[in-house]
Amino acid sequence: MNLLPKSSKEFGSVDYWEKFFQQRGKKAFEWYGTYLELCGVLHKYIKPREKVLVIGCGNSELSEQLYDVGYRDIVNIDISEVVIKQMKECNATRRPQMSFLKMDMTQMEFPDASFQVVLDKGTLDAVLTDEEEKTLQQVDRMLAEVGRVLQVGGRYLCISLAQAHVLKKAVGHFSREGWMVRVHQVANSQDQVLEAEPQFSLPVFAFIMTKFRPVPGSALQIFELCAQEQGKPVRLESAERLAEAVRERQQYAWLCSQLRRKAKLGSVSLDLCDGDTGEPRYTLHVVDSPTVKPSRDNHFAIFIIPQGRETEWLFGMDEGRKQLAASAGFRRLITVALHRGQQYESMDHIQAELSARVMELAPAGMPAQQQVPFLSVGGDIGVRTVQHQDCSALSGNYVIEDVQGDDKRYFRRLIFLSNRNVVQSEARLLKDVSYKAQKKRKKDRKKQRPADAEDLPAAPGQSIDKSYLCCEHHKAMIAGLALLRNPELLLEMPLALLVVGLGGGSLPLFVHDHFPKSCIDAVEIDPSMLEVATQWFGFSQSDRMKVHIADGLDYIASLAGGGEARPCYDVIMFDVDSKDPTLGMSCPPPAFVEQSFLQNVKSILTPEGVFILNLVCRDLGLKDSVLAGLKAVFPLLYVRRIEGEVNEILFCQLHPEQKLATPELLETAQALEQTLRKPGRGWDDTYVLSDMLKTVKIV
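- You'll find the chain entered in an unreviewed UniProt entry as eEF1A lysine and N-terminal methyltransferase, with Chlorocebus sabaeus given as the organism.
- The record in UniProt for the chain states the following under Subunit (unreviewed entry): "Forms a tripartite complex containing GAB1, METTL13 and SPRY2. Within the complex interacts with GAB1 and SPRY2."

Below is the structure:
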């Protein structure tokens, strides 16, 4: 028998409720959960000796069960004469102190300040079905009556689904009255499924509105949220932030229900936040492998990514995570990234913290009491030390952090927090730099220094291994120098380079140190980055390397407008990111590949020179357009894809007749490689330029 209304408006109709209870009879109808599901929050906010008014009681057994555990002074009202008669007959003998009255809650007959608690289980939701004027006026009368019959210090305890319009109305009404507003998520409510919407699983909330004595002229408003896993409420700064926090929990509950029902939802990610601060603590990615055949033990696993390694392709990109899940052999794998700024004691502590929460994301069909394995790399949580954090007017918040790689070497990284999973710049630290060694040296310096000496910290940039390039796309850009056709002469002949985009300075510094005749102009729009590069990444200017703080667009346009006096560069490199995350191309900004600007680039490039561009573009249509635009200005265009990354390195030259056959191109790369390997050059053995260029394609 379907007892649900045809439209939500019928919930506010007296006739609907009369017919509802006549059809249903004496069988209890429990909106939003039974007593056992709600008793935790009810006992927390209602004392046994308090006088309680239950509005819109219906034929719920909630009042009866409260009475049976010691709550005696309970008055129940409802607009339905049928249900009040039923409840009186049912309880007259067994619960003589509890009363049931037919009464309209918008016009209650009780004196002012008659009750210490008004309990509402789904009634506000049933009345506030829309935001039409007539409905809102009825709700205003109801809430005004609730406030009138409550004593100062009394509480309106409303069980609700906290739909946006309901939360807005309730919170707005009582906060304007100067009441304290708290929203408490009811434990385990994510397991409840509404009959009306069987495809959704919505959490149940309790609004606890505490009546304060009015203070003339006071604008104090108190908003709190108490999530089910927290021991104490969190204070929020506004009603809007409270609504946002509730919405986040609703979305999480919906996501959990969908993941329980479906084998695959596509790419799913979510943050789990610190209960006390609200700051993200874990980022979870849910990865399903439909090709994995189900067995008893391969339903579900959790993979903890060591600190600092979340930026690696295997962990930081969708394709990498899919490969990881498939190789692990589980139907569903959840990768867990640890956030900088959070403290983690150990792998065991992380597992204990996550165990209850991640089980909500288990796939359908997983056997009850199934043990879920926690996986990781190397068995520890990794090492990440934030050395510095600051805010740039152009780039936003950023951090300098040292992380331990899988080879136990330490690396320094620049991370923009607007894109926290992308390493903006990276450098390897020298082998003798370890945190134990630093601590010991600092201790020794303190012993040796005079009593009145200042304890100055060592310059952090001095620990950088300047001979090593960390970024694969930087190695590929260096390999592009083989296109100059005479790489064996590069170390002996003058080489003029323009590098747009400084970051930590690794790329121009590497060219400066390995090509002793090179002269480099580096252009950086953000002055903060020059400070970062100098202080933290060992960068320094010299008579052969100058940094120009300017917009690269303006700088090149100015050079191109210099007529015959304009400089000409053998190599121009673009390694500049976009500050707009909504674009389909994050490197470079679109203006850097417009036809008019590319003509400016062409005008300051030598006839035999090479223009090298780092391209990061996920929009295939946009990428084709960029390549076509480059080809229109630079007839010879090579493309090299960086394995495991989105980056593609474009090598552009002016004359098609310069085109080299692949074997010839590899030979020039090998010649450059051999030259750089000479003693004292500092060329790392892992740089194989010929390998770098094997996958180059001519567009």
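**Observations concerning helix 11 (residues 347–358)**
- Between its first and last C-alpha atoms helix 11 spans 15 Å; for twelve residues at 1.5 Å apiece the expected length is 16 Å, and the two agree.
- Residues of helix 11 that are buried: Met347, Ile350, Leu354, Arg357 and Val358. The arc that holds the buried residues of helix 11, viewed along the axis, is 95°, so those residues lie on one side. Away from the buried face of helix 11 by more than 90 degrees, exposed residues Asp348, Ala352 and Ala356 are located.

**Regarding the nonpolar core**
- Grouped together as the largest cluster of nonpolar side chains are 40 residues, with contacts concentrated most on Leu53, Ile55, Leu124, Tyr156 and Phe207.
- When neighbours within four sequence positions are excluded, leucine 53 is seen to be in contact with Val75, Ile77, Met108, Phe110, Phe115, Val117, Val118, Leu119 and Val149.
- Counting 33 residues, the second largest nonpolar core, distinct from the first, contains Phe515, Phe539, Val610 and Tyr638.

**Description of the pattern of salt bridges**
- One pass over the full model with this rule turns up 22 salt bridges.
- Note that arginine 384 and glutamate 401 form a salt bridge whose closest N and O atoms lie 3.6 Å from each other. In this pair, arginine 384 sits in strand 15 (residues 384–392) while glutamate 401 sits in strand 16 (residues 396–404), placing the two residues 17 residues apart along the sequence. Here the two residues arginine 384 and glutamate 401 agree in accessibility, since each one is buried.

**Some details on the packing of aromatic side chains**
- Tallying each qualifying case throughout the model produces ten aromatic pairs.
- Residues phenylalanine 174 and tryptophan 179 carry aromatic rings whose centres are separated by 4.6 Å and whose planes lie at 40° to one another, so their mutual orientation is tilted.
- For phenylalanine 174, a relative accessible area of 1% gives the class buried.
- Ring geometry for phenylalanine 592 against phenylalanine 597: centres 5.4 Å apart, planes inclined by 75°, an arrangement best described as edge-to-face. Taken as a pair, phenylalanine 592 and phenylalanine 597 share a single burial class, namely buried.
- Here a set of aromatic residues connected by ring pairs shows up, and it is made of Phe574, Phe592, Phe597, Phe611 and Phe634.
- Of note, arginine 72 hangs over the ring of tyrosine 67, and the distance from its end group to the ring centre comes to 4.6 Å.
- Lying across the ring of tyrosine 468, arginine 428 places its NZ or CZ 3.7 Å from the centre.

**A closer look at the sheet that holds strand 18 (residues 423–428)**
- Ordered by their spatial adjacency, four strands build an open sheet running 15-16-17-18, and the pairing between neighbours is antiparallel. Every interior strand has two partners, whereas the edge strands, strand 15 and strand 18, have only one. Here the strands of the sheet are splayed against their neighbours by 15° on average, with no regard to which way each runs.

**Quick look at the environment of serine 625**
- Its location among the elements puts serine 625 in helix 18 (residues 620–633).
- We classify serine 625 as partly exposed; its relative accessible area is 46%.
- Here the alpha-carbon distance between serine 625 and valine 593, two residues 32 residues apart in the chain, equals 9.7 Å.

**Focus: helix 7 (residues 164–176)**
- The end-to-end C-alpha separation of helix 7 is 18 Å, in line with the 18 Å expected for 13 residues at 1.5 Å each.
- Turning to helix 7, its buried residues number three or more, namely Val166, Leu167, Lys169, Ala170, Val171, Gly172, His173, Phe174 and Ser175.
- Looking one or two places after helix 7, you find glycine 178, whose phi comes out positive at around 85°.

**Regarding the environment of alanine 427**
- Its location among the elements puts alanine 427 in strand 18.
- What makes alanine 427 buried here is its relative accessible area of 4%.
- Separated by 40 residues in the primary sequence, alanine 427 and serine 467 place their C-alpha atoms 9.6 Å from one another.
- Beyond its immediate sequence surroundings of up to four residues, alanine 427 is in contact with Phe411, Arg412, Ile464, Cys470 and Phe537.

**Some thoughts on the packing of helix 13 (residues 472–479) against helix 14 (residues 506–514)**
- Here helix 13 crosses helix 14 at 40°, and the two axes come no closer than 10 Å. One way to sum up the angle between helix 13 and helix 14 is to call them oblique. Where helix 13 crosses over helix 14, the handedness of that crossing is right-handed. Packed against helix 13, whose contacting residues are His474, Met477 and Ile478, the element helix 14 presents Ser506, Leu507, Phe510 and Val511 at the interface.
- Looking at the contact of helix 13 with helix 14 residue by residue, the classes come out as five nonpolar, two polar and no charged.

**Concerning the environment of isoleucine 520**
- The residue isoleucine 520 is located in strand 20 (residues 518–524) in this model.
- The class for isoleucine 520 is buried, based on a relative accessible area of 2%.
- Separated by 24 residues in the primary sequence, isoleucine 520 and alanine 496 place their C-alpha atoms 6.1 Å from one another.
- Excluding anything up to four places from it in sequence, isoleucine 520 contacts Leu497, Val499, Pro508, Val511, His512, Arg544, Met545 and Lys546.

Rules behind the numbers
Residues numbered from 1 in each chain as written. Predicted model: local features only at pLDDT ≥ 70, side-chain atom pairs only at ≥ 80, totals over all residues. Heavy atoms only, no water. UniProt positions renumbered as here; feature names shortened; annotations may be inferred. Helix = DSSP H or I, 4+ residues; strand = E, 2+ residues; numbered from the N terminus. Expected span 1.5 Å × (residues − 1). Buried < 20%, exposed > 50% of the residue type's maximum accessible area, 1.4 Å probe, protein only. Arc of directions from axis to C-beta. Core = buried A, V, L, I, M, F, W, Y, C linked by side-chain atoms within 4.5 Å. Contact = heavy atoms within 4.5 Å. Salt bridge = Lys/Arg side-chain N within 4 Å of Asp/Glu carboxyl O. Phe/Tyr/Trp six-rings, centres within 6.5 Å; stacked < 30°, edge-to-face > 60°. Lys NZ or Arg CZ within 6 Å of the ring centre and 35° of its normal. Pairing = 2+ DSSP bridges. Axes fitted to C-alpha atoms, helices over the stretch in contact; angles between N-to-C directions. Parallel < 35°, antiparallel > 145°, perpendicular 65-115°, else oblique. Left-handed = near helix turned anticlockwise from the far one by under 90°. Nonpolar A, V, L, I, M, F, W, Y, C, P; charged D, E, K, R; others polar.

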